[in-house]
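Structure at a glance
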Amino acid sequence: MSYYDFNPESLEIEEEELDTCQPISDKVLKYEEFVNEVLKNDLKHVLEERDKIYDEIAEYMKLQTSIERLSTVQSRPIKEMIDVGCNFYMQAQVKDTEFIFVDVGMGLHVQLTFEEALKFLKKKIDQLTVKSELLTDKSVDIKARIKLIIGALAELQGVSSQSSKPRFDPFS
């Protein structure tokens, strides 16, 4: 169950329940369970997805810088140190530097000129930036819901949020 499937009316406290402590504590437990098991889990997944997008943006920017650097080189063929994985580098000689193969997603690689590759990379970086901003907004929304519920729980339990500040706030 995600917080989008959550129905707040199902946790409403009726006036008869305010007279007894047991139903309120049951509602408090339901809210705490919802925060801990649903909202915090959703927040974790959203932040992980956003971090993956940030990594992808960094890779595309790195490729963009490499292409810009390669397009200025006048001598052909080019000798480069290429990362073959796990930060192991080996020297490579590129004889034909007119085209470059770019991963456009879904496992497809397209042969592009430097100019075409730079145009593609700019669009791709812009697209990923928009996607990361949406995920940031989503994470802010989840954090706001968590703080709202925690504030409501403090009010229900009669705890003053002004007098007792938490020692550790995971969202600051």
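Further up the page is the structure itself.
The following paragraphs examine the structure supplied in this document. (Residues numbered from 1 in each chain as written. Predicted model: local features only at pLDDT ≥ 70, side-chain atom pairs only at ≥ 80, totals over all residues. Heavy atoms only, no water.)

**Things to note about the nonpolar core**
Soluble globular proteins tend to pack their nonpolar side chains together in the buried interior. Definition in use: Residue types Ala, Val, Leu, Ile, Met, Phe, Trp, Tyr and Cys, when buried and joined through side-chain atoms within 4.5 Å, form a set referred to as a nonpolar core. Relative accessibility decides the category of a residue: with a 1.4 Å probe and only protein chains considered, values under 20% of the type maximum give buried, values over 50% give exposed, and everything between is partly exposed. Secondary structure follows DSSP: runs of H or I at least 4 residues long count as helices, runs of E at least 2 residues long count as strands, and numbering of each begins at the N terminus. The contact criterion used throughout is that any non-hydrogen atoms of two residues lie within 4.5 Å.
One finds Leu39, Ile67, Ile100, Ala117, Ile142, Ile146 and Ile149 to be the most contacted residues of the largest nonpolar core, which totals 28 residues. With 14 residues, helix α1 (residues 21-72) is the single largest residue contributor to this core. Setting aside anything within four residues of it in sequence, one finds isoleucine 100 in contact with Leu63, Ile67, Val110, Gln111, Leu112, Thr113, Phe114 and Ala117.

**What about the pattern of salt bridges?**
The criterion, for reference: Take a side-chain nitrogen of Lys or Arg and a carboxyl oxygen of Asp or Glu: if they are within 4 Å of each other, that pair is a salt bridge.
For the structure on display, the rule yields 3 salt bridges. Note that arginine 69 and glutamate 80 form a salt bridge whose closest N and O atoms lie 3.3 Å from each other. Residue arginine 69 is found in helix α1, and its partner glutamate 80 is found in strand β1 (residues 78-85); the two are separated by 11 residues along the sequence. Arginine 145 serves as the salt-bridge partner of aspartate 141, at 3.5 Å between the closest nitrogen and oxygen. With a gap of 4 residues between them, aspartate 141 and arginine 145 both fall in helix α2 (residues 114-156), about one helical turn apart.

**Examining unusual backbone geometry**
Among all residues except glycine, the phi angle is most often negative; among peptide bonds, the trans geometry is most common. Backbone geometry at cysteine 86 places phi at a positive 55°, although glycine is not the residue there. Examined against the element boundaries, cysteine 86 turns out to sit in the loop between β1 and β2 (88-94). You can call cysteine 86 exposed: its relative accessible area is 72%. One non-glycine residue, asparagine 87, lies in positive phi territory at about 60°. Mapped onto the elements, asparagine 87 comes out in the loop between β1 and β2. Residue class for asparagine 87 comes out exposed when judged on its relative accessible area of 60%.

**Examining the side chain of lysine 124**
Operational definition: His residues and chain termini do not enter the charge count, which takes Lys and Arg as positive and Asp and Glu as negative.
For lysine 124, the position within the fold is in helix α2. The side chain of lysine 124 is buried and forms no salt bridge, while glutamate 56, the nearest opposite charge, is found at 4.6 Å.

**Brief notes about the pairing of β1**
Operational definition: Strands are labelled as partners when DSSP assigns at least two bridges between them.
Strand direction decides the pairing type here: β1 and β2, joined by 7 bridges, are antiparallel. Within β2, the position partnered with methionine 81 by the bridge is glutamine 91.

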